[in-house]
Amino acid sequence: TNIEMEESNQSLHKVLFIIFCSSLVFLMQAGFAMVCSGCVRKKNVQNTILKNFIDVLGSSIAFFFVGYSFAFGGDPEKTSFIGTTNFLLSEMDYNALGVDYAHWLFQFAFAATAATIVAGTLAERCQMRTYLMYSMLLTGFVYPVIVHNIWSPSGFLSISNQNPLFGVGMIDFAGSGVVHVTGGITALIATYMLGPRKGRFYDERGVKLETPEAFPGHSKSLQMLGTLLLWFGWFGFNAGSAVSVDADSNMNPVIIAKATVNTTLSASTSGIVALLFHLFLIERQTGEPVYKLSAAMNGALTGLASITGSCGFVEPWAAIVIGAISGLIYLGSERLLEILCLDDAVDAIPVHLCGGMWGVLAVGLFSSPRGLKNYFGDDDFNHYGWFYAWGQGSGDFTLMSCQLVGLLCILAWTALIMVPFFFTLYYFGMLRSDGLEELVGLDVSYHGYSNFQPSQGVSAQSLRKHY
Amino acid sequence: TNIEMEESNQSLHKVLFIIFCSSLVFLMQAGFAMVCSGCVRKKNVQNTILKNFIDVLGSSIAFFFVGYSFAFGGDPEKTSFIGTTNFLLSEMDYNALGVDYAHWLFQFAFAATAATIVAGTLAERCQMRTYLMYSMLLTGFVYPVIVHNIWSPSGFLSISNQNPLFGVGMIDFAGSGVVHVTGGITALIATYMLGPRKGRFYDERGVKLETPEAFPGHSKSLQMLGTLLLWFGWFGFNAGSAVSVDADSNMNPVIIAKATVNTTLSASTSGIVALLFHLFLIERQTGEPVYKLSAAMNGALTGLASITGSCGFVEPWAAIVIGAISGLIYLGSERLLEILCLDDAVDAIPVHLCGGMWGVLAVGLFSSPRGLKNYFGDDDFNHYGWFYAWGQGSGDFTLMSCQLVGLLCILAWTALIMVPFFFTLYYFGMLRSDGLEELVGLDVSYHGYSNFQPSQGVSAQSLRKHY
Amino acid sequence: TNIEMEESNQSLHKVLFIIFCSSLVFLMQAGFAMVCSGCVRKKNVQNTILKNFIDVLGSSIAFFFVGYSFAFGGDPEKTSFIGTTNFLLSEMDYNALGVDYAHWLFQFAFAATAATIVAGTLAERCQMRTYLMYSMLLTGFVYPVIVHNIWSPSGFLSISNQNPLFGVGMIDFAGSGVVHVTGGITALIATYMLGPRKGRFYDERGVKLETPEAFPGHSKSLQMLGTLLLWFGWFGFNAGSAVSVDADSNMNPVIIAKATVNTTLSASTSGIVALLFHLFLIERQTGEPVYKLSAAMNGALTGLASITGSCGFVEPWAAIVIGAISGLIYLGSERLLEILCLDDAVDAIPVHLCGGMWGVLAVGLFSSPRGLKNYFGDDDFNHYGWFYAWGQGSGDFTLMSCQLVGLLCILAWTALIMVPFFFTLYYFGMLRSDGLEELVGLDVSYHGYSNFQPSQGVSAQSLRKHY
């Protein structure tokens, strides 16, 4: 009975901690909504934040009916492409002492996060019913399949598979790849199909502008609030990912605590590198020092997305290095998108796609021997990050190979579904909102009224640019 | 000593978890403040949010001096109408290992919630000193008596009473009735006495308008933020209610985890049903699709208020059904209020009163056998939700009867105190602010200045309508 | 193994609870950012909130490289002025079961809080690069030294020193002195060197205004949100401070729970006293009732800063008294600053410096015998708060003496570094931004654009005053 009592205590601890973490991850939705709201013009605020909210509502329903089953409803002894049991949570069992219910909550919150990454990118020009369809498709099918293959024991890429890939499997601690790359690549596909906002890269005759128009968002305060809420939620996102749902496994406090420390360090470094390097570049070019808030904020978010994959088992100094590189990746990819005339209203692609990809690779480069041994609970585990392998003269590329395969699988699978999906919508004219609607703002046309009232006699030119 | 150690650990777990939950419930005050701020016109922002803040300040003081004692200061062996010990927390005991202090914090946060439900309804036209009086009365006396009778072992409606009503007692898990109906019925009484805002239903000559004027709030972003903060806080509200303060009872992780899952499902379903059904109705009538944000947001909040009573022991599919009906209840009751010319600036009556009433009844309809057996820790418990009883051919109405009696008691008791109270204020002219004050906004007249500055030459007509 | 299991469980509990608390303390940064944003004029919003964000980024890096080592890297057996080990977290040990990592996170969040107290005071007129330097200096050196001397066992003021001062040491439970006085006195020094905003106390010719210009902030909603986020975070701030990092010490649930109750009571009382006493004063002078929001909000924050030092071991009635006095201290010190022509854009000096100083002294006045015995785990501890000592006829001033010495040390040490630092910046013209920049707002000049667009033909006079 001592052992039973101990097991029941372990379950209780898990349930309480997962609920804490899930709540924080849930609050990231408020973070996304505030970032998106702050980044758009006043005439599109309602439209943008409703997309975030629909992601919450839709994903919980999609995840209840099918998503969770597709993700985790497989036989742990066998490898399968998709789960097929426990639809409508019909097989939840009180003997699991609540851990299964808590696990659903945590995983739902993750799914909602993956979906809502896309909301901001499409802001100010996308039809509403399209967004509803997209949201259900992603959280009900595309994302769960990725989760199944990487995080459930039945997945062929999973480290808990009985025969993991290359003897290791793809390691994605809290989802740099599973969540952020999935959301990010979807955002990239969608914005390519959708085209840029009117007047962002081209003038009204379709001639390319010499300098892209910037469209500054209507509230930096809300964007800052959103960024800090996201960071706050990320503590739950990363720490909660340390908890295994296996009934007989104990919680590892070292991984939990370390994850939060590395999360902080990577985000901070990335934010400050992006802020200062941007300052340096601009000052060299123009002589004027410009402290760009969005560089600091989105830089920090990129650092968060990139440490997500490895935060439980890299050393703090490595978190600093990963973060510093994230800051540069953010600046570079944000510039690249502009050159390619891809319009991303909230920089979700630099943050989540580029940050997430770097995060998946960083696992393969920086995972420390003592970190991984502790993570796998196996003192003989010997496939480390490539830099360590290199340092020891072995150059073992096994882990890095797993990461590369996993990353390609995520990109390929998401593209396989999302390219035809968005192309079909585009072809039938269901993707982009009407040109005039876009000019006067989507709030008036889709939501009945707008808090934004242009003064009398405002020109279309001015409407296009400033509000 | 093994048992002692275990007991002290249980106390520690309880304290830590209750503090987590209480913090979340406390943050609901920020949620209410942001919802209220977003829903009012710019000229009344300060006035509105100060009411929310006064609820926090006042309720903690009222709850310290008398409220907590009235609620829980009874002899658990005897039935009493009101508690009479532990005023000023003078009988808090270190031997309770902190559970009693934590319990106070949790219960205070609940009281503040009940009080602040009313703040938004009365927005834009209520005197400030009146609100102070109301807030102290509710949290110091009216609400504690309800808590005493339903949640303390000395209450005649309580399930932990030694001779519970009809052998069962009224089941209100986290307070659909105790908190939300109490706040909601008070809001209804108050808005009836106070009358609608100028220009909402009647023009300046007192002639009824053909279409009520809508008075859109000044910031949908803040309303969305508030809604998500409320949802976040609701995890603490519902999960924390699973924790018994009895020193010798263990925490039940199944109830805790299930409560959070059901909370999510009901809210999501309710929000999406309200959004889409409203879209369908409007599109049929006008041909224009209108995605109404407040339908989605307030729909979700109604789903939260209604699952509150039963989230620990209904099955997830039932949470979906309860939520779907909540969405319809929200739309219907919001429309009904308009027809009755009752002005509710933030829809607190549809959300909390109607949602809460439905929540109390839903306990009697949907509570599952395995859920209640687990909740009561008694495998022989056999008064289930009416639908289950029906399905088993017994048609046992015992539980439903308890719910109906409990609901009527809450409504009757609150009305008994609040009708004379608000009538007296009305009679002595202490209820409604001056007509001119209302026109220029309460911020200028009560708070010294306003962030809203009308442009020169604005007409009273325009002031009345737009700002 | 039973004992081992118990120890490992204790570590797990500590890690989970510290992470919860650290997350809340981290979210206080969002609170500070929203308070600061709400309190400044629209033209300076970006500049102000970037300072808050830089505090987060900079302090985590400074605390990683040197700050944490300076604070806690000492030999616990010896008294030292500053720590000298564990730079770059190089000596973190998995055998500590994560408690050391969690401790870093908690302490970093505290350092960021200390730094960001200053951000608001300097708003609307300070150069950006200067702020970066200040932030690193405070969190990397000045603050860690104070932490070392008061909270680490090697500190000469510490209660865990082997030979504590006067046999007791300075008691500062969660940092009324360590965090709030340090930040507050820095804010005072900085604002004195920097001078008031243009037009606040003097007109354009340098003639003192009869009545200071008020410069109301651009959003009371954001200020309210920030205040409630700070309060929410303070639960983590105060409750988390009850957790000792000693591996062999158990967590004391009484202290944790009591800390949260006292936190609530002091804040509420202080807020309501400030609101009502201000109302009374103004109504007597002008006949108009003015409910001043910032009095209620900043009053509550002062109550939070002042209960921070003693919340774990004073009785609830004492928390009420401490809070009531805090409310008066806030009103008085805010008035005094105006008389002295010291410009504090967010009232950080009244809240943190005056509230914090009162908090340090309140420990020496109100600490209850049973509270301190419980805190020290020593039934023979007999140096109580002075009022208790007085009541028992002993008049023992030992504890109060420790508090006074500690307070003077904090003030002296911070001034010793900060006065020359800010004077040097002032002397080389690196402190204050250009006069014209200040007039048009710092957002345009430092951050490239502003969300604030003055209408055409606005006069400098008007720009100075209203926006």
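Residues numbered from 1 in each chain as written. Chains lettered and ligands numbered in written order. Predicted model: local features only at pLDDT ≥ 70, side-chain atom pairs only at ≥ 80, totals over all residues. Heavy atoms only, no water.

**Q** Run through the relation of the copies chain B and chain A, naming residues and quoting values.
**A** Rotating chain B by 120° about the axis while translating it 0.0 Å along that axis superimposes it on chain A, leaving an RMSD of 0.0 Å. Taken together, these values place the two copies in the relation of a three-fold axis. Proximity to the rotation axis, assessed at the C-alpha, singles out B:Phe20 in chain B; its C-alpha lies 4.5 Å from the axis. A share of only 15% of interface residues in chain B that are also interface residues in chain A marks the association as one of differing surfaces. (Least-squares fit on C-alpha atoms with pLDDT ≥ 70 in both. Contact = heavy atoms within 4.5 Å.)

**Q** Please give an account of the pattern of salt bridges that cites residues and values.
**A** Residue and element names in this part refer to chain A. Applying the stated criterion to the full structure yields 33 salt bridges over all chains. Glu338 serves as the salt-bridge partner of Arg335, at 3.5 Å between the closest nitrogen and oxygen. One end of the pair, Arg335, and the other, Glu338, are both in helix α9 (residues 316-339), three residues apart, so they sit about a helical turn from each other. We classify Arg335 as partly exposed; its relative accessible area is 47%. Residue Glu338 is classed as partly exposed on the basis of its relative accessible area of 24%. (Salt bridge = Lys/Arg side-chain N within 4 Å of Asp/Glu carboxyl O. Helix = DSSP H or I, 4+ residues; strand = E, 2+ residues; numbered from the N terminus. Buried < 20%, exposed > 50% of the residue type's maximum accessible area, 1.4 Å probe, protein only.)

**Q** Pulling in residues and values, what's your account of a nonpolar patch on the surface?
**A** On the surface, A:Phe423, A:Tyr426, A:Tyr427 and A:Phe428 cluster together to form a nonpolar patch covering roughly 520 Å² of accessible area. In this structure A:Phe423 comes out as partly exposed when scored by relative accessible area, which is 42%. (Patch = residues over 30% accessible without salt bridge, like charges linked within 9 Å, V, L, I, M, F, W, Y side chains within 5 Å. Areas by Shrake-Rupley, 256 points an atom, 1.4 Å probe, with all protein chains shown as cover.)

**Q** Now, about the state of the cysteines: what can you tell me, with residues and values included?
**A** Note on terminology: disulfide describes a covalent bond linking the sulfur atoms of two cysteines. Per the stated rule, a full pass over the model turns up zero disulfides over all chains. Take A:Cys21: it sits in no disulfide, and the sulfur closest to it among the cysteines is that of A:Cys311, at 11 Å. Given a relative accessible area of 0%, A:Cys21 falls into the buried group. Counting only cysteine sulfurs, B:Cys36 is the nearest neighbor of B:Cys39, a cysteine outside any disulfide, at a range of 7.0 Å. (Disulfide = S-S within 2.5 Å.)

**Q** Give a detailed account of the relation of the copies chain C and chain A, specifying residues and quantitative values.
**A** The two copies are related by a screw operation: chain C maps onto chain A through 120° of rotation and 0.0 Å of translation along the axis, at an RMSD of 0.0 Å. The fraction of interface residues of chain C whose copies in chain A are also interface residues is only 15%, indicating that the copies meet through different surfaces.

**Q** Could you give me a rundown of the interface of chain B and chain A, with the residues and numbers involved?
**A** On the chain A side, the residues contacting the 53 residues of chain B number 53 residues. Counting each side, the surface lost to burial between chain B and chain A is near 4600 Å², with a carbon and sulfur contribution of 78%. Here chain B and chain A share zero salt bridges between them. Where chain B touches chain A, the interface holds seven residue pairs in polar contact (both at pLDDT 80 or more). Those elements that place two or more of their residues in the side of chain B that touches chain A are α1 (2-39), α6 (220-240), α7 (253-286), α8 (293-307), α9 (316-339) and α11 (369-376) of chain B. Among the elements that make up the side of chain B that touches chain A, the one with the highest residue count is α7(B) (16 residues). For the side of chain B that touches chain A, the class distribution of residues is 33 nonpolar, 15 polar and five charged. (Buried area = accessible area lost by both parts, 1.4 Å probe. Polar contact = N/O pair within 3.5 Å; in protein donor to acceptor, adjacent residues only side chain to side chain. Nonpolar A, V, L, I, M, F, W, Y, C, P; charged D, E, K, R; others polar.)

**Q** Run through the packing of aromatic side chains, naming residues and quoting values.
**A** By the definition in use, this model includes 110 aromatic pairs over all chains. Centre to centre, the rings of A:Phe110 and A:Trp151 are 6.0 Å apart; their planes meet at 65°, and the pair counts as edge-to-face. A residue pair is termed long-range when its members are at least 10 positions apart, and A:Phe110 in helix α3 (residues 99-121) and A:Trp151 in helix α4 (residues 128-151) qualify at 41 residues. On the basis of relative accessible area, A:Phe110 is assigned to the buried category, the value being 0%. Note on A:Phe235 and C:Phe26: the rings are 5.3 Å apart at their centroids and 85° apart in plane angle, and the pair reads as edge-to-face. In this pair, A:Phe235 is assigned in helix α6 (residues 220-240) and C:Phe26 in helix α1 (residues 2-39), connecting two distinct chains. In this structure an aromatic cluster arises from ring pairing among B:Trp317, B:Trp358, B:Phe366, B:Trp386, B:Phe387, B:Tyr388, B:Trp390 and B:Phe397. Over the aromatic face of A:Phe215 sits the side chain of A:Arg41, whose NZ or CZ is 4.0 Å from the ring centroid. (Phe/Tyr/Trp six-rings, centres within 6.5 Å; stacked < 30°, edge-to-face > 60°. Lys NZ or Arg CZ within 6 Å of the ring centre and 35° of its normal.)

**Q** How would you explain helix α9 (residues 316-339) of chain C if you had to name every residue and give the values?
**A** With 24 residues, α9(C) extends 35 Å between its outermost C-alpha atoms, agreeing within 8% with the 34 Å of an ideal straight helix rising 1.5 Å per residue. Backbone geometry just downstream of α9(C) places C:Cys341 in the positive-phi region, at approximately 60°. (Expected span 1.5 Å × (residues − 1).)

**Q** Break down the side chain of A:Gln127 for me, with residues and values.
**A** All names here are of chain A. Tracing the backbone shows Gln127 in the loop between α3 and α4. Among the polar contacts made by the side chain of Gln127, one reaches the main-chain carbonyl oxygen of Gly429 at a distance of 3.1 Å. A polar contact of 3.0 Å, which involves the side chain of Gln127, links it to the backbone oxygen of Arg432. Residues within four places of Gln127 in sequence aside, it is in contact with Gly429, Met430, Leu431, Arg432, Ser433 and Tyr446.

**Q** Provide a residue-level description of the interface of chain C and chain A, including the pertinent values.
**A** With 53 residues of chain C in contact, the opposing surface of chain A contributes 53 residues. Both faces combined, the contact of chain C with chain A buries some 4600 Å², and carbon together with sulfur accounts for 78% of it. Contact with chain A buries area across many residues of chain C, yet C:Phe53, C:Tyr94 and C:Tyr101 alone supply 16% of it, more than any other trio. Those elements giving two or more residues to the side of chain C that touches chain A turn out to be α1, α2 (45-72), α3 (99-121), α4 (128-151), α6 (220-240) and α15 (442-447) of chain C. If one sorts the elements of the side of chain C that touches chain A by residue count, α1(C) sits on top with 18 residues.

**Q** Describe the nonpolar core, listing the residues and the values that go with them.
**A** Counting 480 residues, the largest nonpolar core has A:Trp104, A:Tyr143, B:Trp104, B:Tyr143, C:Trp104 and C:Tyr143 as the members making the most contacts within it. Residues within four places of B:Trp104 in sequence aside, it is in contact with B:Ser60, B:Phe63, B:Phe64, B:Tyr68, B:Leu89, B:Met92, C:Val261, C:Thr264 and C:Leu265. (Core = buried A, V, L, I, M, F, W, Y, C linked by side-chain atoms within 4.5 Å.)

**Q** I'd like a rundown of unusual backbone geometry, residues and numbers included.
**A** Residues and elements named next belong to chain B. Phi at Leu89 takes a positive value of approximately 55°, unusual for a residue other than glycine. Note that Leu89 resides in the loop between α2 (45-72) and α3 (99-121). Judged by its relative accessible area of 4%, Leu89 is buried.

**Q** I'd like to hear about the environment of B:Ser244, residue by residue, with values.
**A** All names here are of chain B. With respect to the helices and strands, the residue Ser244 is situated in the loop between α6 and α7. For Ser244, a relative accessible area of 28% puts it in the partly exposed group. The spatial distance from the C-alpha of Ser244 to the C-alpha of Val99 is 9.7 Å, given a sequence separation of 145 residues. Setting aside residues no more than four positions away along its own chain, Ser244 makes contact with Lys14 and Ser249. A polar atom in the side chain of Ser244 sits 3.3 Å from the side chain of Ser249.

**Q** So, the environment of A:Val66: which residues are in play, and what are the values?
**A** All names here are of chain A. In this structure, Val66 sits in helix α2 (residues 45-72). Once the C-alpha coordinates of Val66 and Met5 are considered, the two residues, 61 residues apart in sequence, prove to be 34 Å apart. Not counting chain neighbours up to four residues away, the residues in contact with Val66 comprise Phe87 and Gly140.

**Q** How would you sum up the packing of helix α1 (residues 2-39) of chain A against α6(B)? Please name residues and give values.
**A** Where α1(A) meets α6(B), the closest approach of the two axes is 9 Å, and the angle between their N-to-C directions is 175°. Taken together, α1(A) and α6(B) sit at an angle that is classed as roughly antiparallel. For the pair α1(A) and α6(B), the contacting residues are A:Ser23, A:Leu24, A:Phe26, A:Leu27, A:Gln29, A:Ala30, A:Ala33, A:Met34 and A:Ser37 in the first and B:Ser221, B:Met224, B:Leu225, B:Leu228, B:Leu229, B:Trp231, B:Phe232 and B:Phe235 in the second. For the contact of α1(A) with α6(B), a count of residues per class yields 13 nonpolar, four polar and no charged. (Axes fitted to C-alpha atoms, helices over the stretch in contact; angles between N-to-C directions. Parallel < 35°, antiparallel > 145°, perpendicular 65-115°, else oblique.)

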